Amino acid sequence: MKKAMTIVTAGLLGLCLAACGQSAETQSTQASAPAAETVQESTQAAETAAAEETAGTEEAAEETTAAAESAAEETTAAEETAAAEETSASEGSAAAETQESAAQTEEATEGYADNFAVDSEAAAAFAAKIQEAVAAQDLEALADLTAYPVYVGFPEESATPASREEFVALGADRIFTPELMEAVAGADLSGLSASMAGFVVSADDVPNITFGVVDGALAIKGINY
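Residues numbered from 1 in each chain as written. Predicted model: local features only at pLDDT ≥ 70, side-chain atom pairs only at ≥ 80, totals over all residues. Heavy atoms only, no water.

This next bit is on the overall build of the protein chain. Secondary structure summary: the protein chain contains 6 helices and 5 strands in total. Its helices and strands taken in sequence order, the protein chain reads α-α-α-β-β-α-α-α-β-β-β from the N to the C terminus. When contacts within the protein chain are restricted to residue pairs at least 6 apart in sequence, long-range pairs at least 24 apart make up 53% of them. Of the roughly 14,900 Å² of accessible surface on the protein chain, 55% is carried by carbon and sulfur atoms. (Helix = DSSP H or I, 4+ residues; strand = E, 2+ residues; numbered from the N terminus. Contact = heavy atoms within 4.5 Å. Areas by Shrake-Rupley, 256 points an atom, 1.4 Å probe, with all protein chains shown as cover.)

Here's what the structure looks like:
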């Protein structure tokens, strides 16, 4: 009888221990489940934060790139505008110079209609060239100011050189007499007045050098002694 009770008691103890073991395992399993869920949630949260940070970085990079491209486009546009303005200004200046040059060429081509069309400043400027050539006894320079044929009234006889070469061949000694040099040097260039014959460069009536309009330009027409 005692042996039977012992067996029953042992059986009950075994059942009890088994039940306790299952309960502990269940609690352990239940405790592990929330922990696993917590780790998973943390992982997901970290991944989400990383993704958001990456997206933010990419967006910032795109904004920076867009800003740089916009700035480059604005700079290029400004440079093109400046270049266009400079080109326009250069073209305008070139056009103005061309028009001025054309006007000067036209004036030079048309020249003076007659002696009365010559203003006092132009007459004085040409007369000054004559004075310089005579003072330097530069026959070549005087020949360059002369139109041909030209009348040269020497005291003993007159000559009418038909070309520059013939005029120079007369010789500086015959052309630049002391009387002519003195009369030309003393001429008042501010008081030159036009006539049908031209303008007279002399301190007295004679000797003198006369110049006027020949083919639209000023040139020496005669030398009188």
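The strand order across the open sheet formed by 5 strands is β2-β1-β5-β4-β3, and the pairing between neighbours is mixed. With partners counted over all chains shown, the strands left at the sheet margins are β2 (158–159) and β3 (199–201), one partner each. Taken together, the 7 bridges between strand β4 (residues 208–214) and strand β5 (residues 217–224) define a ladder with antiparallel strand orientation. Considered in β5, the bridge of Asn 208 is made with Asn 224. Against the sheet, helix α2 (residues 120–135) contacts β3, β4 and β5, and its axis sits at roughly 135° relative to β4. Across the sheet, helix α6 (residues 178–185) is in contact with β3, β4 and β5; its angle to β4 comes to roughly 60°. (Pairing = 2+ DSSP bridges. Axes fitted to C-alpha atoms, helices over the stretch in contact; angles between N-to-C directions.)

Moving on to unusual backbone geometry. In the segment running from Tyr 148 into Pro 149, the intervening peptide bond is cis, with an omega of 0°. Within the secondary structure layout, Pro 149 lies in strand β1 (residues 146–153). Cis geometry marks the peptide bond from Val 206 to Pro 207, where omega comes out at -5°. Examined against the element boundaries, Pro 207 turns out to sit in the loop between β3 and β4. Its identity as a non-glycine residue notwithstanding, Asp 215 has a phi of 55°, on the positive side. Within the secondary structure, Asp 215 sits in the loop between β4 and β5. Residue Asp 215 is classed as exposed on the basis of its relative accessible area of 80%. (Buried < 20%, exposed > 50% of the residue type's maximum accessible area, 1.4 Å probe, protein only.)

To continue, consider α2. For α2, built from 16 residues, the straight-helix expectation of 22 Å at 1.5 Å per residue is met to within 8% by its first-to-last C-alpha distance of 22 Å. Listed as buried for α2 are Ala 122, Ala 123, Phe 126, Ala 127, Ile 130, Gln 131, Ala 133 and Val 134. Buried positions along α2 lie against α3 (139–144), α6, β3, β4 and β5. Positioned one or two residues after α2, Gln 137 has a phi angle of 50°, which is positive. (Expected span 1.5 Å × (residues − 1).)

Before going further, it helps to examine the pattern of salt bridges. Side-chain pairs of opposite charge can arise where the charged atoms are in close proximity. Within this structure, the stated rule accounts for 4 salt bridges. A salt bridge links Arg 164 to Asp 144; the shortest N-O distance between them is 2.8 Å. One end of the pair, Arg 164, is in helix α4 (residues 164–169); the other, Asp 144, is in helix α3, with 20 residues separating them in the sequence. The partly exposed category is assigned to Arg 164, whose relative accessible area is 28%. Given a relative accessible area of 55%, Asp 144 falls into the exposed group. Note that Arg 174 is salt-bridged to Glu 156, the shortest N-O span being 3.2 Å. Of the two residues, Arg 174 is situated in helix α5 (residues 172–175) and Glu 156 in the loop between β1 and β2; the sequence distance between them amounts to 18 residues. Through salt bridges with shared partners, a single ionic network connects Glu 140, Asp 144 and Arg 164. (Salt bridge = Lys/Arg side-chain N within 4 Å of Asp/Glu carboxyl O.)

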